Amino acid sequence: MAESVKVGLLGLGTVGTGVASIITRHQKELQHQVGCPVEIKKVLVRDKQKLRESLIQDALLTEDPYEVIQDQEIDIIVEVIGGVEQTKDWLLAALNQKKHVVTANKDLMAIHGAQLLKSAVENQCDLYYEASVAGGIPILRSLSDGLSADRIKKIMGIVNGTTNYILTKMSTEGSSYEEVLKQAQDLGFAESDPTSDVEGLDAARKMAILATLGFSAPISLTDVSVEGISSISDTDLHYAERLGYTMKLIGIADRTDGKIDVSVRPTLLPNEHPLSSVHNEYNAVYIHGEAVGETMFYGPGAGSLPTATAVVSDLVTVMKNMRLGVNGKSVLAPMNEKTLKEAQEISSQYFIRLRVLDQTGTFSAITALFAEFDVSFEKLLQLPVEGEELAEIIVVTHKTSKQTFDGLIERLKNVEVVESVESSYCVEGGN
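Chemist: I'm lost on a nonpolar patch on the surface in this one. Help?
Modeler: A surface patch of nonpolar side chains, about 290 Å² in accessible area, is lined by Y282, M296 and Y298. Mapping Y282 onto the fold places it in strand 11 (residues 282–289). Y282 sits in the partly exposed class, given a relative accessible area of 33%.

Shown next, in the form of structure tokens:
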């Protein structure tokens with residue numbers, strides 16, 4: 001191993017600055033771990049003239065990515081600049097230069113992870129991406145190492161801090177979605193354009209990565225069914241609480257008899273479920289293994305230093321592999337073929353909120369339709385709508401297939417006594 005390991009850093013934003021800070025300030029601990037100094041040799045930035053508080057000398061900055069990638073003294077490329085297509089080309093070029101890669105880029109790994117992993121194997125290079133999912137929680141390493149002897153049946157979790165913060169505040173303060181979103185933006189928890197977070201796209205990318213690793217099958221972003229939180233009302237949350245549930249945006253990857261379903265959707269959890277107690281911007285991932293049973297990983301899902309800690313931990317792993325001469329040996333391509341569940345093979349409990357005519361025969365008409373679809377009630381509320389000749393019926397069903405449920409909802413929309421289907425959500429962790 002060289003007298004020092006030299007690192008090329010692509011990006012010096014929030015996470016990149018955190019990486020530089022940890023490498024500089026924790027040099028003693030890093031040397032103890034890997035047996036030699038760690039040196040940042042070059043840093044790619046978008047604008048060298050930008051004023052920045054950084055531990056990096058101006059002489060190390062460049063606006064040319066290939067000045068970093070093609071530097072023969074650099075051993076490892078750390079990518080924290082973001083982007084997808086152009087960044088993919090840079091990392092493929094780095095791997096072809098026999099440089100190991102550490103990335104925090106969930107979008108990149110969800111879309112092009114298979115291609116990058118294949119290139120890493122071909123070039124006998126390491127490619128680690130722990131920071132791409134759940135920030136400071138070591139969930140990918142836990143799946144690939146700590147639980148490697150188990151067969152994972154289900155992964156479910158809160159993997160987006162922005163939506164968890166919004167739903168927490170809506171539930172605890174009784175505020176509307178719009179009010180809490182603005183508050184989250186003012187505090188920096190939500191972007192000015194929050195679409196990726198609130199519509200579930202960010203969580204979907206992370207679930208694609210988790211499912212690919214957990215099930216060793218090539219799950220792509222297009223395999224994930226996605227529903228966001230923007231249509232959730234404080235009324236929904238009020239009724240959920242009254243029935244003993246907490247609303248969360250949950251990513252679920254489930255494998256049954258070799259068939260897989262991956263989704264991101266607003267979900268009602270029983271209040272006693274461990275994920276119900278995960279509040280504000282925190283993340284948690286709940287794993288069901290055949291041997292280990294149920295385990296949960298909890299921690300900050302984003303932020304400069306938590307994410308940078310995951311990046312530098314991957315960096316340490318690469319350097320240890322260099323020392324042992326085993327780089328590229330731990331990169332595993334998916335071994336299983338992908339078989340996705342059909343709608344009739346996906347089952348869940350459901351919460352349904354109906355606005356109906358408050359008259360004789362309404363309830364019997366609705367129960368008759370549920371009976372026709374062989375869907376039974378677990379919980380039921382019926383309440384008058386103040387000032388109108390209407391009532392709200394809130395139902396939690398027993399388990400039924402997605403195909404059956406979708407058909408039931410379509411029929412409910414056309415029942416004469418039903419004014420509207422106000423909302424419907426999956427219920428997880430019940431009977």
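We are not done yet, so read on.
Chemist: I tried to follow the sheet that holds strand 2 (residues 38–44) on my own but got confused; where do I start?
Modeler: Pairing between the strands of a sheet is mediated by backbone hydrogen bonds and can be parallel or antiparallel. The strand order across the open sheet built from six strands is 3-2-1-4-5-6, with neighbouring strands paired in parallel fashion. Each end of this open sheet is capped by a strand with a single partner; those strands are strand 3 (61–62) and strand 6 (127–128). By the bridge criterion, four bridges tie strand 4 (residues 76–79) to strand 5 (residues 100–103) in an arrangement that is parallel. For I76, the partnering residue across the bridge sits in strand 5 and is H100.

Chemist: Explain the pattern of salt bridges here, please?
Modeler: Where charged atoms of side chains with opposite charge meet at close range, the side chains can pair. The tally for this structure, following the rule as stated, stands at 25 salt bridges. Its salt-bridge partner being D71, residue K41 comes within 2.8 Å of it at the nearest N-O pair. In this pair, K41 sits in strand 2 while D71 sits in the loop between helix 3 (65–69) and strand 4, placing the two residues 30 residues apart along the sequence. Each member of the pair, K41 as well as D71, carries the same accessibility label: buried. Of the charged contacts in the structure, one is a salt bridge between K338 and D223, with a shortest N-O distance of 2.8 Å. With K338 in the loop between helix 12 (304–324) and strand 13 (347–357) and D223 in the loop between helix 10 (201–215) and strand 8 (224–226), the pair connects residues that are 115 residues apart, well separated along the chain. Judged by its relative accessible area of 34%, K338 falls in the partly exposed class. Exposure remark for D223: the relative accessible area of 16% places this residue in the buried category.

Chemist: Help me understand the pairing of strand 10 (residues 259–270), please; the structure alone is not making it clear to me.
Modeler: A regular strand carries its side chains on alternate faces of the sheet. A large share of strand 10 lies buried, amounting to 11 of its 12 residues. In the sheet, strand 8 pairs with strand 10 via three bridges, with the strands oriented parallel. Bridging from a neighbouring strand, V224 pairs with V262 of strand 10. The sheet contact formed by strand 9 (residues 245–256) and strand 10 spans 12 bridges and is antiparallel. Considered in strand 10, the bridge of I250 is made with R265.

Chemist: Would you explain the confidence of the model for the chain in this entry?
Modeler: Regions with low pLDDT should not have their predicted coordinates read in detail. The share of residues in the chain with pLDDT of 70 or more is 98%, and the mean pLDDT across the chain is 92. Ranking the elements of the chain by mean pLDDT puts helix 6 (residues 139–146) last with 88 and strand 4 first with 98.

The rules we used
Residues numbered from 1 in each chain as written. Predicted model: local features only at pLDDT ≥ 70, side-chain atom pairs only at ≥ 80, totals over all residues. Heavy atoms only, no water. Patch = residues over 30% accessible without salt bridge, like charges linked within 9 Å, V, L, I, M, F, W, Y side chains within 5 Å. Areas by Shrake-Rupley, 256 points an atom, 1.4 Å probe, with all protein chains shown as cover. Salt bridge = Lys/Arg side-chain N within 4 Å of Asp/Glu carboxyl O. Helix = DSSP H or I, 4+ residues; strand = E, 2+ residues; numbered from the N terminus. Buried < 20%, exposed > 50% of the residue type's maximum accessible area, 1.4 Å probe, protein only. Pairing = 2+ DSSP bridges. pLDDT = per-residue confidence, 0-100.

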